[in-house]
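Working through the structure, step by step
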Amino acid sequence: MKARFIAGGVLAAALLIPAATYRHIDQGMQREVDLTAADRPSAGAGRNFLLVGSDSREGLSKQEMKRLRTGSAEGKRTDTMMLVHQGQYGTTLLSLPRDSWVTVPAFTGASGKHYPATENKLNAAYAWGGGSLLTRTIEHNTGLRIDHYAEIGFKGFADVVDALGGVEMDIKKPIKDRNSGANFEAGTQRLTGAQALAYVRQRYQEPTGDLGRNANQQEFLKAIAKEVGPTNVLGVLGPALESVVFDKDLEPWELARFAASFTGTIYRATIPVANMGYETPAGSAVLWESTGAAALFDKIKHDRKVTG
């Protein structure tokens, strides 16, 4: 434990992070998601983070839920899953559509009951087994090993944006979506936490639905990373710690290094899709184009340049 703190302190100093800030984040991090499993794929070149946005309303008052247009549904689901690959050519953002039709590996539920492997939508894995089963499912279907996991709820997301004093976005066309509360004119503007949440959640006016939302989320991640920078990420994260969940092995200095990767070249990738309206027992799903998807995952695993 002592060695871990010494190593963390040295790296934090190298990144110009105040020691008090480092200790506060380290002690406050909710390290809950277990990424260890017997059937994981082998590690590839570079590092992979899985970023998850949940619809958790934990910590929100009724007034805040109204202001953020979150609704009042109980439990947690996820609409946002993004794999961030850091490698020799820069950073690659790969969004995973929530309705992707995948194989969910066999798992044991909270009650101790064992469930066999089954086909379902990707976000079902999160609903059934949280971040651990979601990560296993993504690893199983992509062959990519996830090194670290970070999940943020509605409150944490809005708090991070507000702690920055807003995030500047260049919105290409007017957006109006009643469900999320998004209402924007075209042009460059600074979004508050509530506005940013509406922007990344809206999808009904997007011609390609979830795929359009995924593209907006990638653009927003690039914008927020530019605002935060590697030396400020831990300070900005402080107010949102109660709404963020990490894997059990993630250290604060790795978060800072993760933010630093966004100062370089950033590539945006999309999983090739064979059918956006694939009919399944669980309803309409997104069917990946198997050959193209396999080639994309292979590029990421071997840290080759991804250009689109």
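Report follows, based on the coordinates.

Thresholds, definitions, all that
- Residues numbered from 1 in each chain as written.
- Predicted model: local features only at pLDDT ≥ 70, side-chain atom pairs only at ≥ 80, totals over all residues.
- Heavy atoms only, no water.
- Helix = DSSP H or I, 4+ residues; strand = E, 2+ residues; numbered from the N terminus.
- Polar contact = N/O pair within 3.5 Å; in protein donor to acceptor, adjacent residues only side chain to side chain.
- Axes fitted to C-alpha atoms, helices over the stretch in contact; angles between N-to-C directions.
- Parallel < 35°, antiparallel > 145°, perpendicular 65-115°, else oblique.
- Contact = heavy atoms within 4.5 Å.
- Nonpolar A, V, L, I, M, F, W, Y, C, P; charged D, E, K, R; others polar.
- Phe/Tyr/Trp six-rings, centres within 6.5 Å; stacked < 30°, edge-to-face > 60°.
- Buried < 20%, exposed > 50% of the residue type's maximum accessible area, 1.4 Å probe, protein only.
- Lys NZ or Arg CZ within 6 Å of the ring centre and 35° of its normal.

All right, on to the side chain of Gln86 then. With respect to the secondary-structure elements, Gln86 resides in strand S3 (residues 78-87). At 3.5 Å, the side chain of Gln86 forms a polar contact with the backbone oxygen of Phe258. Polar contacts involving the side chain of Gln86 include one to the side chain of Ser261, which spans 3.0 Å.

With that settled, consider the packing of helix H6 (residues 193-201) against helix H7 (residues 210-228). The description of two helices packed together rests on the angle between their axes and the distance between the axes. The contact between H6 and H7 brings their axes to 8 Å, and the two run at 140°. For the element pair H6 / H7, the angle class is oblique. The residues of H7 that touch H6, namely those facing Ala196, Tyr199, Val200 and Arg201, are Arg213, Asn216, Gln217 and Phe220. Classifying every residue of the contact of H6 with H7 by side-chain character gives four nonpolar, two polar and two charged.

One pass over the full model with this rule turns up eight aromatic pairs. Between Phe157 and Phe220, the ring centres sit 5.5 Å apart and the planes meet at 40°, which makes this aromatic pair tilted. Pair noted here: Phe157 is in helix H5 (residues 154-163) and Phe220 is in helix H7, with a separation of 63 residues, a long-range link. The same class applies to Phe157 as to Phe220, namely buried. For the ring pair Trp288 and Phe297, a centre distance of 5.6 Å and an interplane angle of 65° mean the geometry is edge-to-face. Members of the aromatic cluster, joined through ring pairs, are Phe157, Phe184, Tyr199 and Phe220. For the cation-ring pair, Arg203 lies above Tyr204, with the distance from its terminal atom to the ring centre recorded as 4.6 Å.

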